[in-house]
Amino acid sequence: MATSAVSGNSISCTTSISSISSFNNFRNRNPNLLLGRRSFLLYNWRRRSFYVCNVASDQKQKMKDSSSDEGFTLDVFQPDSTSVLSSIKYHAEFTPSFSPEKFELPKAYYATAESVRDMLIINWNATYDLYEKMNAKQAYYLSMEFLQGRALLNAVGNLGLTGPYAEALTKLGYSLEDVARQEPDAALGNGGLGRLASCFLDSMATLNYPAWGYGLRYRYGLFKQLITKDGQEEVAENWLEMGNPWEIVRNDISYPVKFYGKVIEGADGRKEWVGGEDITAVAYDVPIPGYNTKTTINLRLWSTKLAAEAFDLRAFNDGDHAKAYEAQKKAEKICYILYPGDDSLEGKTLRLKQQYTLCSASLQDIIARFERRSGNTVNWDQFPEKVAVQMNDTHPTLCIPEILRVLMDVKGLSWKQAWEITQRTVAYTNHTVLPEALEKWSLTLLRELLPRHVEIIAMIDEELLHTIVAEYGTEDLDLLQEKLNQMRILENVEIPSSVLELLIKFEEGKEQAEEPKVEETQEEGGKDDTKDEETEAVKAETTAEEEETEVKKVDAEEPQAKIARIFGSDPNGQQVVRMANLCVVGGHAVNGVAEIHSEIVKKEVFNEFYELWPEKFQNKTNGVTPRRWLSFCNPELSDIITKWTGSDDWLVNTENLAELRKFADEEELQSEWRKAKRSNKMKIVSLIKEKTGYVVSPDAMFDVQIKRIHEYKRQLLNIFGIVYRYKKMKEMSPEERKEKFVPRVCIFGGKAFATYVQAKRIVKFITDVGATVNHDPEIGDLLKVVFVPDYNVSVAEVLIPGSELSQHISTAGMEASGTSNMKFAMNGCLLIGTLDGANVEIREEVGEDNFFLFGAQAHEIAGLRKERAEGKFVPDPRFEEVKAFVRTGIFGPYNYEELIGSLEGNEGYGRADYFLVGKDFPDYVECQDKVDEAYRDQKKWTKMSILNTAGSSKFSSDRTIHQYARDIWQIEPVELP
C-alpha cells in the first residue's frame with residue numbers, strides 16, 4: 001500500500017511496494033491516487049526555471065525562494081535506497097519510453113537516469129537562481145566537442161548516491177553496473193579536445209565556479225567505427241535513437257541564425273545584415289553536477305531547425321517532396337555530424353555553418369543574460385566584468401566578429417568601444433602546432449556565407465596592420481613586409497588604403513630626406529691659375545655627380561610603385577582568413593596546454609605576436625578529473641588509495657596522492673595494488689572477448705595505445721615494433737622466446753578520420769598483423785595484437801585501469817599536451833614515450849626512473865628533417881628488416897606500398913618519413929627491451945606503478961581550472977549555502 005499527501009510546496013510519500021509487478025497491480029487498483037504523484041512537478045512561474053521535487057519517502061525537500069528576505073537556502077534531504085526505489089518505480093510508470101509490460105534493463109536504465117535527473121534539477125535550478133541573484137562574473141566555455149561519456153555512474157558518484165542506487169536496483173533484480181552499461185556514450189566529441197572540455201566542466205562545478213559550457217547537439221556524432229576485413233568502416237552513431245534522459249529541451253530558448261544575404265547601411269551610418277537564409281537554434285540543456293557540492297552547472301547544446309511554415313506544402317502535394325522539405329533539411333543537417341568531410345565545397349560550407357551556429361546562438365544567449373541581469377540600465381563597458389568567453393581551439397573563432405557585429409550593428413556601439421570590449425572578453429586556447437589544424441578559410445566562401453563578418457574581420461586586420469607599422473616602422477620595408485606576411489589575418493589580400501597611404505607617405509618623406517644638396521660655388525676674381533684649375537676640376541666632378549644623380553632619379557621607383565611591389569598580393573594565390581591569427585589578435589589571453597607546447601607557441605607558432613604582446617601568452621597544462629578517471633572507473637584502486645592516504649580527500653585535493661610515496665616499498669600495499677590491477681585486467685579480457693572474439697591471457701603485460709589515429713601519434717611506430725618483435729620470435733626456439741620476451745597483449749584503439757586515407761591504412765595494417773599473430777600456434781599467448789573497435793570514453797574507462805604500459809610516442813614537438821597520458825599515470829600505468837606534450841611534465845613529477853624515455857627531442861626535429869632532405873639519413877638495419885618482412889606478404893594480400901613508401905625517399909609529399917618513424921625506431925626497440933626487463937621484476941614494477949599514481953597530483957583538471965579562473969577569466973567561486 002502507498003499513500004501520498006501534498007501540502008503547500010512539499011510532498012511526502014511512503015511506500016512498501018517491493019517489485020514492479022506489485023507496483024503495476026497497485027496502480028491498477030488505485031489509479032486516481034497514484035496519478036496524484038504528478039504534482040511531483042512543481043512550477044514557480046515567477047521565475048524562469050522550474051523546480052522538480054522528487055520526494056519518495058516521508059522526508060521532505062524544501063527550497064526557499066532566492067528572492068526572499070531571509071536569504072537563499074537549499075535544504076535537501078539525502079535519499080536512501082527506499083526513496084530511490086520509489087522514484088525509479090515512479091519513472092518506470094509515468095515517464096515511460098517503453099511499454100508497461102516488462103521491466104528489462106533498457107527500461108531500468110531510463111527510469112534510473114530520470115530519477116537521478118530529478119535530483120540534479122533541484123540543485124541545477126538553485127545554482128541558476130543564485131547566479132541570477134549574485135550577478136557574479138561568469139565564464140562561458142565554447143567548444144565544438146564535449147566527449148562526456150556515460151553520465152549515470154558519474155552523476156550518482158558526484159551526488160554521493162552510489163550506495164542507495166545500487167541497493168535500490170538490487171531490489172529490482174539488477175546491478176547498478178549492468179544498468180549503467182545500457183547507456184550509450186553521448187556522441188558529442190572525438191578525442192582529447194572534447195574529453196578535456198568535459199573534464200573542465202566537471203571541475204568547474206566541483207570548484208563552484210560560475211561557468212557554463214556551450215556546444216552543438218550532434219544527432220549522429222562523428223561515426224561509429226566498424227572493423228571488417230577491409231579495415232575501418234564508418235556508420236552513423238545512434239545514441240539519440242532512444243532519446244536522451246539527461247537533456248531537457250528549452251523550447252522557449254531559441255535564437256535566429258542567419259547565413260548569406262547582404263549588408264546595407266542606414267541613414268545613421270549603422271550597418272544591417274539582411275536577407276539570406278535564416279534558421280533557428282534551439283537550446284537543449286544537460287546538468288553537470290559537481291562532486292560533493294550542490295553546485296550543478298549547465299551544458300547548453302544547440303540543435304537547428306526551421307519553423308513549420310517553411311515546409312512547402314504546395315510542392316509536397318504536387319509530388320515534389322524533396323523540394324518541399326529542402327529548407328528544413330538544410331537547417332537540420334547543420335547538427336547532423338561532427339566534423340563533416342570538407343573535401344567538397346558543400347562540406348566546407350557545412351563546417352562553417354556549424355561553427356557560426358555555435359558562436360551566434362551562444363553569444364546571443366550570453367548577451368541576453370547580461371542584459372537581463374543588468375536590469376533597466378545596461379552598461380556595455382561592464383560586459384567584460386561580467387562575462388568571460390573561452391574559445392576551445394579555433395573552431396569558435398567567429399565569436400570575435402560576432403560580438404563586434406552585435407555590439408555595433410544591434411546595440412549601436414562605436415567601433416572603438418566594441419573592439420575594446422571584445423578584446424577584454426575573449427580568450428583563446430591553442431591545441432595544436434600542426435599547420436593544417438590552424439584553420440584557414442577561403443575568403444570567398446566566408447564572404448558569401450557571412451558578408452558582414454568579413455567586413456568586420458577586414459576592420460580588425462586593418463587595425464592590426466596599423467599596430468604592426470607603428471611597432472616596426474618603415475625604415476626596413478623588407479622586415480615590415482615579413483612581419484605583415486606572418487601576422488596578417490587576411491592572407492594574400494590587398495593592403496587597406498589607409499595603410500597604403502601611410503606607407504607611401506613615409507616612403508616619399510624618406511626620399512626627400514635623401515635627395516643630395518648641390519651647393520653652387522661662386523668664385524671671385526683675383527685668384528691665381530692653380531686655384532682656377534682646382535675650381536674647374538671640382539666643377540667637372542660636381543657635374544658628373546649631378547648627371548649620375550639624374551640617372552638614378554630616372555631609374556628609381558616611384559614610392560607608390562615601390563610599395564605596391566613589396567606589399568602587393570599574389571594574383572594567383574588563394575585568399576584566406578587565418579582563424580588562429582584572428583584569435584590571437586581578438587582576445588586578451590592565449591594559452592598553450594603544456595609547458596613545452598606553450599614554449600613552441602611563443603617561439604615558433606606565434607612568435608611575431610609574442611614579440612608584440614608578450615603579456616597575452618600563458619601556459620595552462622591540461623588536467624583530467626580524478627573523479628571519473630580514477631575513483632569511478634577504478635573503485636578498487638581508489639579504495640586502496642583512500643586506505644593508505646587516510647581519507648578520500650585526495651578526490652578534490654590530489655596533492656594528497658603524494659602520500660603514497662612513503663609506502664611504495666610496503667609489501668602489503670604492493671600486494672593490494674597488484675590484486676586491484678589483476679581484477680581490472682580481467683575486465684579487459686572480457687571486453688576484448690566481447691568486442692573482437694579474441695581470448696587473451698591476464699598473465700601477459702597489457703600494453704595499450706588508445707588515441708585518435710594520426711601519423712604524428714605514430715601508431716605506425718608501435719605496430720612496426722610489434723612486427724619486429726614477432727619476426728624475432730619466429731626466428732627463435734620456444735625456449736629462447738620464453739627467455740627473451742615477456743608475454744604481451746598489445747591493444748590499440750582509436751578512430752581514423754573518414755577521409756584520412758593514410759590513417760585508415762594504419763588501422764588496416766594493425767588488424768592484419770593481429771589476424772596473423774593471434775592465429776599463430778607457435779606464438780600462442782606470448783604475443784597478441786588487438787584493435788578494439790569504436791573506441792570511446794566507456795571503452796577507455798575499462799582499458800585504462802587495467803593497463804600496465806601505455807604508449808605516448810608522438811614525434812617530439814607535435815603533440816600539444818595529451819590527456820590520456822595523465823589518466824594512465826593516475827591509474828598506476830607506466831608510460832613509454834618521447835619528450836613531447838605533457839610527457840615532459842609527467843616524467844618530472846613521477847621521476848625519470850619511472851618513465852621509459854626514447855626518441856629525438858623537439859629542438860632536433862628540424863635538423864633531422866633537413867638531414868633527411870639532403871640524403872644523409874642512413875636507416876637502421878632493423879627498420880629495413882621490418883619493411884622487407886611486411887613486403888613478403890606475411891600479413892596478407894593487401895598492398896602496403898603506399899604506407900611503407902611514406903617512410904622512404906628524401907623528399908616529396910607523403911614521402912621522406914616526415915614523422916621520423918625510421919629515425920626513432922632503433923631507440924624505441926631498445927627502450928622496449930628495458931620495459932621487458934623491468935616487468936620481470938614485479939616488485940620493482942609495482943613500486944614504479946605506485947610512484948606514477950603518487951606523482952600524478954599535478955594533472956588534475958581542478959588545478960587547471962583554478963589557473964584559468966585566476967589568470968584568464970578572473971572569476972570567483974559562488975557556493976550554494
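Since this is a predicted model, take the numbers as computed values, not measurements.

S.K.: Can you help me understand the overall build of the protein chain in this one?
M.R.: In terms of helices and strands, the protein chain carries 38 helices and 28 strands. Split into buried and exposed, the 977 residues of the protein chain put 57% on the buried side. Within the protein chain, residue pairs in contact and separated by at least 24 positions form 77% of the contacts whose partners lie at least 6 positions apart. Accessible area for the protein chain stands at about 41,200 Å²; split by element, carbon and sulfur atoms hold 48% of it.

S.K.: Honestly, helix 10 (residues 321-332) in this entry has me stumped. Any pointers?
M.R.: One turn of an α-helix holds 3.6 residues; hence residues three or four places apart share an orientation. The terminal C-alpha atoms of helix 10 lie 16 Å apart, and with 12 residues this matches the ideal 16 Å at 1.5 Å per residue to within 8%. Looking at the buried residues of helix 10, the elements they touch are strand 14 (277-289), strand 15 (296-305) and helix 9 (313-317).

S.K.: Help me understand the side chain of Lys616, please; the structure alone is not making it clear to me.
M.R.: By secondary structure assignment, the location of Lys616 is in the loop between helix 23 (607-612) and strand 22 (617-619). For the buried Lys616, no salt bridge is present, and the opposite-charge side chain at shortest range is Glu615, 6.8 Å distant. Look past the residues within four positions of Lys616 in its chain and what remains in contact with it is Gln423, Val584, Val585, Gly587, His588, Ala589 and Val590.

S.K.: When you look at the nonpolar core in this model, what are you seeing that I'm missing?
M.R.: Where a protein is soluble and globular, its nonpolar side chains tend to be buried together. Membership of the largest hydrophobic core comes to 161 residues, with the highest contact counts inside it found for Trp302, Ile460 and Trp969. A per-element tally of this core places helix 4 (residues 105-134) first, with 12 residues.

S.K.: Help me understand empty space enclosed by the protein in this model?
M.R.: One way to see where empty space is left: roll a probe the size of a water molecule over the atoms. Taken as a whole and assessed by the stated rule, the structure comprises eight cavities of 30 Å³ or more. For the largest cavity, the calculated volume is near 380 Å³. The residue makeup of the lining of the largest cavity, split by class, is 17 nonpolar, seven polar and five charged.

S.K.: Looking at this structure, I do not really get the confidence of the model for the protein chain. What am I missing?
M.R.: Regions with low pLDDT carry predicted coordinates that are not meant to be interpreted in detail. Looking at the protein chain as a whole, its pLDDT mean stands at 89, while 88% of the residues score no less than 70. Between residues 1-72, whose pLDDT stays under 50, and residues either more than four places distant or in other chains, the model counts 138 contacts. Between residues 550-554, whose pLDDT stays under 50, and residues either more than four places distant or in other chains, the model counts zero contacts.

S.K.: It is not clear to me how the side chain of Lys677 should be interpreted in this structure. Could you clarify?
M.R.: Secondary-structure assignment places Lys677 in helix 26 (residues 667-692). Look past the residues within four positions of Lys677 in its chain and what remains in contact with it is Pro801, Gly802, Ser803, Glu804, Asn827, Gly828 and Cys829.

S.K.: Help me understand the packing of helix 13 (residues 399-410) against helix 14 (residues 415-425), please; the structure alone is not making it clear to me.
M.R.: Each pair of packed helices can be summarised by the angle the axes make with each other and by the distance between the axes. Axis separation between helix 13 and helix 14 bottoms out at 9 Å; the angle between their running directions is 140 degrees. Classified by the angle their axes make, helix 13 and helix 14 are oblique. As for the relative orientation of helix 13 and helix 14, their crossing is right-handed in sense. Contacts between helix 13 and helix 14 involve Ile400, Ile403, Leu404, Leu407 and Met408 on the former and, on the latter, Trp415, Ala418, Trp419, Ile421 and Thr422. Residue composition of the contact of helix 13 with helix 14, grouped by class: nine nonpolar, one polar and no charged.

S.K.: It is not clear to me how the state of the cysteines should be interpreted in this structure. Could you clarify?
M.R.: Linking two cysteines covalently via their sulfur atoms produces the bond known as a disulfide. By the definition in use, this model includes zero disulfides. Summary of cysteine pairing: Cys399 is not part of a disulfide, and the nearest cysteine sulfur, belonging to Cys359, is at 3.6 Å.

S.K.: Can you help me understand the pairing of strand 23 (residues 701-706) in this one?
M.R.: Every other side chain in a regular strand lies on the same face of the sheet, so the side chains alternate between the two faces. Of all six residues in strand 23, six are buried, a share of seventy percent or more. Residue alternation in strand 23 divides its side chains into two sets, Met701, Asp703 and Gln705 and Phe702, Val704 and Ile706, and both sets are buried. Strand direction decides the pairing type here: strand 23 and strand 24 (residues 744-749), joined by six bridges, are parallel. Directly across from Phe702, in strand 24, lies its bridge partner Val745. Bridge count between strand 23 and strand 26 (residues 805-808): two bridges; the pairing is parallel. Residue pairing across strands places Val704 opposite Ser806, the latter belonging to strand 26.

The rules behind the values
Residues numbered from 1 in each chain as written. Predicted model: local features only at pLDDT ≥ 70, side-chain atom pairs only at ≥ 80, totals over all residues. Heavy atoms only, no water. Helix = DSSP H or I, 4+ residues; strand = E, 2+ residues; numbered from the N terminus. Buried < 20%, exposed > 50% of the residue type's maximum accessible area, 1.4 Å probe, protein only. Contact = heavy atoms within 4.5 Å. Areas by Shrake-Rupley, 256 points an atom, 1.4 Å probe, with all protein chains shown as cover. Expected span 1.5 Å × (residues − 1). Lys, Arg positive; Asp, Glu negative; His and termini not counted. Salt bridge = Lys/Arg side-chain N within 4 Å of Asp/Glu carboxyl O. Core = buried A, V, L, I, M, F, W, Y, C linked by side-chain atoms within 4.5 Å. 1 Å grid on protein atoms, 1.4 Å probe; cavity = no way out; pocket = protein on both sides within 12 Å on 5 of 7 lines; lining within 4 Å. Points joined across faces, edges and corners; volume = space filled by probe spheres on them. Nonpolar A, V, L, I, M, F, W, Y, C, P; charged D, E, K, R; others polar. pLDDT = per-residue confidence, 0-100. Axes fitted to C-alpha atoms, helices over the stretch in contact; angles between N-to-C directions. Parallel < 35°, antiparallel > 145°, perpendicular 65-115°, else oblique. Left-handed = near helix turned anticlockwise from the far one by under 90°. Disulfide = S-S within 2.5 Å. Pairing = 2+ DSSP bridges.

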